[in-house]
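Here's the letter readout for the chains.
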Amino acid sequence: MTQTITASQTTTLLSLARACTALSQLKQLHAHVLKLHLPGNPSAIGPLLSAAAISGDPSFFSYARSVFEHLRCRSTFMYNTMIRGHVQSGSPVTAVSLYSDMLRSGVEGNNYTFPPLIKACVFIGPDSKANGLLVHAHVVKLGYQADPFVVSALIEFYSSVCDLESARKLFDGSTVRDVVTWTALVDGYGKAGDMENARHLFDEMPERNVVSWSAMMAAYSRVSDFKEVLSLFRQMQEVGFEPNESVLVSVLTACAHLGAVTQGLWVHSYAKRVNFISNRILATALVDMYSRCGLVDLALSVFHNISDKDAEAWNAMIAGVALDGDVVKCLELFKKMIAHGTQPTETTFVALLTACTHAKMTKEGLKLFEEMGNIYGIRPKSEHFMRCRPLARSELGNRIWKKLIDMGITDSGTHVLSYNIYKEAGWENQANHLRKLISDARDRSEWRRKRVPCQ
């Protein structure tokens, strides 16, 4: 006879599943659950599914997906678990699809369904708003519009689609405003650059947590008010809050722009002490801070200790070395980045072209510019062209302009930049030719505008 799983057994299973460090251990536990509890009590698989889906381990999540797909009887808890797992693993479209499957299966969502589902709607791209509005309608229909976690998720959603008016209405109409709800709206205003409303709301908060402080500091960092970032950091410490990784990233960004290396050194020391140094984003911020403060050796030391370097980490180090004027090291780092298998970005080439410009390395600069489009598929932008202006007399600007024509990148912006380069270099014939192109383009635009019939 199949045993009935108790609450204590559920807790034990969840603890055991979370303790698994290898997929083989998880499979053994799964076999044990199958032997003792299924098919008489299919919900017994829930704790194992939950631990695997949100573990952060790709192999565990893949196994959770396989288990879920083979289940014939799925509960709300199981659907919630997989929706959350897909959001956490960066698959928001699949998360939304799972909710549709949930509805088709006649399984009703609960208050735990909607926060991750709404978060998925934030990240699904062009259909974000339409899907988010539908989910909001379901929230109201099922009566979860007063749940503070659901309200907070909806405020974040409306902020992400630039509808702060709806976000504010949700906040004002909420009967239970906890610190999560307040922080969500502060963050929404901050991301929109509305510092007046963000700070007013922050100052009115009946209570704050470290996430509240982090949201406010990040908002000031976005608008480059770095002195206020450090001022808030001091206030936060005075009232007894310990900083998290996000707070320290904002502080390091402020230190980098203000040259506050002493404060930056303290952050580095603190990060080591509390074991935050393994956080890649924080480590990258340290690289940028040390580089901007002229301490390239320290930046390199931090960089070399980043185990999972991404493009942002490589870019920070390449830009730091470029800022230091060491173009040889800059190009060496770029070669290592490629050998590492990391795809360069627009920012990578801005730093590389800057380094070549400062070193007057025309040949290397042009080679990189050509590789940017031909090898790495990156369409040159005005920032890349601007980096070549100081080398106009060496003819790099002229050669890049011809390359832009070959690539079909000849909009008004590149025309104007090229005209300025030629003027600065004293090449009057080329400058006059471009001036005529700009004038002709404007005339054609005006002619087309006049040809458009009135509606």
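To keep things clear, this report deals only with the structure shown in the data block. Keep in mind the model is a prediction, meaning the values are calculated, not measured.

So, how was this worked out
Residues numbered from 1 in each chain as written. Predicted model: local features only at pLDDT ≥ 70, side-chain atom pairs only at ≥ 80, totals over all residues. Heavy atoms only, no water. Helix = DSSP H or I, 4+ residues; strand = E, 2+ residues; numbered from the N terminus. Buried < 20%, exposed > 50% of the residue type's maximum accessible area, 1.4 Å probe, protein only. Contact = heavy atoms within 4.5 Å. Areas by Shrake-Rupley, 256 points an atom, 1.4 Å probe, with all protein chains shown as cover. 1 Å grid on protein atoms, 1.4 Å probe; cavity = no way out; pocket = protein on both sides within 12 Å on 5 of 7 lines; lining within 4 Å. Points joined across faces, edges and corners; volume = space filled by probe spheres on them. Nonpolar A, V, L, I, M, F, W, Y, C, P; charged D, E, K, R; others polar. Core = buried A, V, L, I, M, F, W, Y, C linked by side-chain atoms within 4.5 Å. Axes fitted to C-alpha atoms, helices over the stretch in contact; angles between N-to-C directions. Parallel < 35°, antiparallel > 145°, perpendicular 65-115°, else oblique. Left-handed = near helix turned anticlockwise from the far one by under 90°. Salt bridge = Lys/Arg side-chain N within 4 Å of Asp/Glu carboxyl O. Phe/Tyr/Trp six-rings, centres within 6.5 Å; stacked < 30°, edge-to-face > 60°.

## As for the overall build of the protein chain
The helix and strand inventory of the protein chain stands at 26 helices and 0 strands. Taking all 455 residues of the protein chain together, 46% fall into the buried category. Considering only intrachain contacts with a sequence separation of at least 6, the fraction spanning at least 24 residues in the protein chain is 59%. With the model as given, the accessible surface of the protein chain reaches about 23600 Å², and the carbon-plus-sulfur share is 52%.

## Quick notes on the layout of surface pockets
Taken as a whole, the largest pocket encloses approximately 1500 Å³ of empty space. Contributing to the lining of the largest pocket are 48 residues, with Pro115, Lys119, Ala153, Glu156 and Val180 lying nearest its centre. Every element with two or more residues in the lining of the largest pocket is listed here: helix H5 (76-88), helix H7 (114-122), helix H9 (148-160), helix H11 (179-191), helix H13 (210-222), helix H15 (245-258) and helix H17 (280-292). When residues of the lining of the largest pocket are assigned to their parent elements, the largest contribution, 7 residues, is made by H11. Class assignment of the residues belonging to the lining of the largest pocket gives a composition of 21 nonpolar, 19 polar and 8 charged. In this structure, the second largest pocket encloses a volume near 540 Å³. Every element with two or more residues in the lining of the second largest pocket is listed here: H15, H17, helix H19 (311-323) and helix H21 (346-358).

## A word on the environment of phenylalanine 233
Take phenylalanine 233: it is sitting in helix H14 (residues 226-238). Here phenylalanine 233 falls in the buried class, since its relative accessible area comes to 0%. In contact with phenylalanine 233, not counting residues within four places along its chain, are Met217, Pro243, Val247, Leu248, Val251, Gln263 and Trp266.

## Re the nonpolar core
Counting residues in each nonpolar core, the largest one holds 124 residues, and the members touching the most others are Ile118, Met216, Met217 and Met317. At 8 residues, the largest contribution of residues to this core is made by H19. With residues up to four places along the chain from it excluded, the contact list for isoleucine 118 reads Val135, Val139, Val150, Ala153, Leu154 and Phe157.

## Side note on unusual backbone geometry
Of note, the phi angle at cysteine 162 is positive, near 60 degrees, even though the residue is not glycine. Residue position: cysteine 162 is located in the loop between H9 and helix H10 (164-173). What makes cysteine 162 exposed here is its relative accessible area of 71%. Although it is not a glycine, asparagine 275 sits at a positive phi angle of roughly 65 degrees. In this structure, asparagine 275 sits in the loop between helix H16 (261-273) and H17. The exposure class assigned to asparagine 275 is exposed, which follows from its relative accessible area of 56%.

## Observations regarding the packing of H19 against helix H20 (residues 327-339)
Contact geometry of H19 with H20 gives a least axis separation of 8 Å together with a crossing angle of 165 degrees. The angle between H19 and H20 falls in the class roughly antiparallel. The two elements H19 and H20 meet at a crossing, and its hand is left-handed. Residues Ala311, Trp314, Asn315, Met317, Ile318, Val321 and Ala322 of H19 form the contact with H20, whose participating residues are Lys329, Cys330, Leu333, Phe334, Lys336 and Met337. Tallied by class, the residues present in the contact of H19 with H20 amount to 10 nonpolar, 1 polar and 2 charged.

## Thoughts on the pattern of salt bridges
Overall, the coordinates contain 13 salt bridges when judged by the stated rule. Residue arginine 280 pairs with aspartate 310 through a salt bridge whose shortest N-O separation is 3.2 Å. Placement of the pair is arginine 280 in helix H17 and aspartate 310 in the loop between helix H18 (296-304) and H19, with a sequence separation of 30 residues. The partly exposed category is assigned to arginine 280, whose relative accessible area is 30%. The closest approach of N and O atoms between lysine 336 and glutamate 332, which form a salt bridge, is 3.3 Å. Highlighted residues: lysine 336 and glutamate 332, both in helix H20, separated by 4 residues, approximately one helical turn. Assessed through its relative accessible area of 41%, lysine 336 is described here as partly exposed. Linked by salt bridges that have partners in common, Arg74, Asp101 and Arg104 make up one network.

## Considerations on the packing of aromatic side chains
What the rule picks out here adds up to 14 aromatic pairs. With a centroid separation of 5.2 Å and an interplanar angle of 15 degrees, the aromatic rings of tryptophan 266 and tyrosine 270 are classed as stacked. Placement of both tryptophan 266 and tyrosine 270 in helix H16 is noted, with a separation of 4 residues, approximately one turn of the helix. Residue classification places tryptophan 266 among the partly exposed positions, given a relative accessible area of 33%. On the basis of an interplanar angle of 70 degrees and a centroid distance of 5.7 Å, the ring pair of phenylalanine 334 and phenylalanine 349 is categorised as edge-to-face. Of the two residues, phenylalanine 334 sits in helix H20 while phenylalanine 349 sits in helix H21, which places them 15 residues apart along the sequence. In this structure phenylalanine 334 comes out as buried when scored by relative accessible area, which is 5%.

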